[in-house]
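What the coordinates show
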Amino acid sequence: VLVPQEHETDTVLSALEKAQLEQAAQQATDSQSIDSMLEVARLSFQFNQIPSARHWFEKVLEKEPGQPIAKGYRAVIDGMRARNKKLGPTTRLNIVSASSKELDAVIQKNPTLDELRFARASYYFALPSFFKKREVAISDLQLLLVNKDTPAHFFCRAADKLTEVEPDLLASLDPSQTS
């Protein structure tokens, strides 16, 4: 899970990515299962196909309005709209504020969702410093690194991200304090 850098234009997909996304979309369309729809939404987000990701997260929320993964990613996607330079500064601030509140609320209700903690950390690191979200982002990454139940791929990505933004913090983590 990485926060795409551009949100208004889809990126060009490789043939493999396109095939993978098409297969996932067909399976989600056929099965209409929440898990299948989440899979295609996640892939769309990962491949920077933001309109498609939003569509599939919305479909999940139509079927299950409180679904936390879909709510969390939708908040990140909403927040990414603030990068649109055509919007006024007040509008942009309001967008980030609302998306941050929504994302924080979802994680507060679902504190064990490693995927959303990593998405929030990535999103918050991309925000300008005046939003004062860096400490929350660092805390999310630290939590992923000390939690013994964190899946390996989130552990590795959290370690990489923390090394990138705060290399000294990674060395200071005490592995004996795992939860």
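Everything quoted here is computed from the prediction, not taken from an experiment.

Considerations on the overall build of the protein
Per the secondary structure count, the protein includes nine helices and zero strands. Seen in sequence order, the protein has helices and strands lined up from the N terminus as α-α-α-α-α-α-α-α-α. Evaluated residue by residue, the protein yields a buried proportion of 42% over its 179 residues. Partitioning the intrachain contacts of the protein with sequence separation of at least 6 by distance along the chain shows that 58% fall at a separation of at least 24. Put simply, the protein shows about 9,800 Å² of open surface, and 52% of that area lies on carbon and sulfur atoms.

A look at the environment of F154
Among the secondary structure elements, F154 is positioned in helix α8 (residues 152–165). Look at F154 and you get buried, because its relative accessible area is 6%. Through-space distance from the C-alpha of F154 to that of R117 is 9.5 Å; in sequence the pair is 37 residues apart.

Overview of the packing of aromatic side chains
Two measures describe an aromatic ring pair: the distance that separates the ring centres and the angle between the ring planes. The tally for this structure, following the rule as stated, stands at five aromatic pairs. Considering the side-chain rings of Y123 and Y124, the 5.5 Å spacing of their centres and the 45° angle between planes classify their relative orientation as tilted. Y124 gets classed as buried once you look at its relative accessible area, which sits at 2%. Through pairs of rings, three or more aromatic residues link up here, namely F45, F57 and Y73.

Observations regarding the environment of Q67
Its place among the elements puts Q67 in the loop between α3 (50–63) and α4 (68–80). Beyond its immediate stretch of four places on either side in the chain, Q67 contacts I34, L38, V60 and L61. There is a polar contact of 2.8 Å between the side chain of Q67 and the backbone nitrogen of I69.

Describing the confidence of the model for the protein
With 89% of its residues at a pLDDT of at least 70, the protein reaches an overall mean of 86. In the model, residues 1–9 has pLDDT below 50 throughout and makes 34 contacts with residues more than four positions away in sequence or in other chains.

About the criteria used
Residues numbered from 1 in each chain as written. Predicted model: local features only at pLDDT ≥ 70, side-chain atom pairs only at ≥ 80, totals over all residues. Heavy atoms only, no water. Helix = DSSP H or I, 4+ residues; strand = E, 2+ residues; numbered from the N terminus. Buried < 20%, exposed > 50% of the residue type's maximum accessible area, 1.4 Å probe, protein only. Contact = heavy atoms within 4.5 Å. Areas by Shrake-Rupley, 256 points an atom, 1.4 Å probe, with all protein chains shown as cover. Phe/Tyr/Trp six-rings, centres within 6.5 Å; stacked < 30°, edge-to-face > 60°. Polar contact = N/O pair within 3.5 Å; in protein donor to acceptor, adjacent residues only side chain to side chain. pLDDT = per-residue confidence, 0-100.

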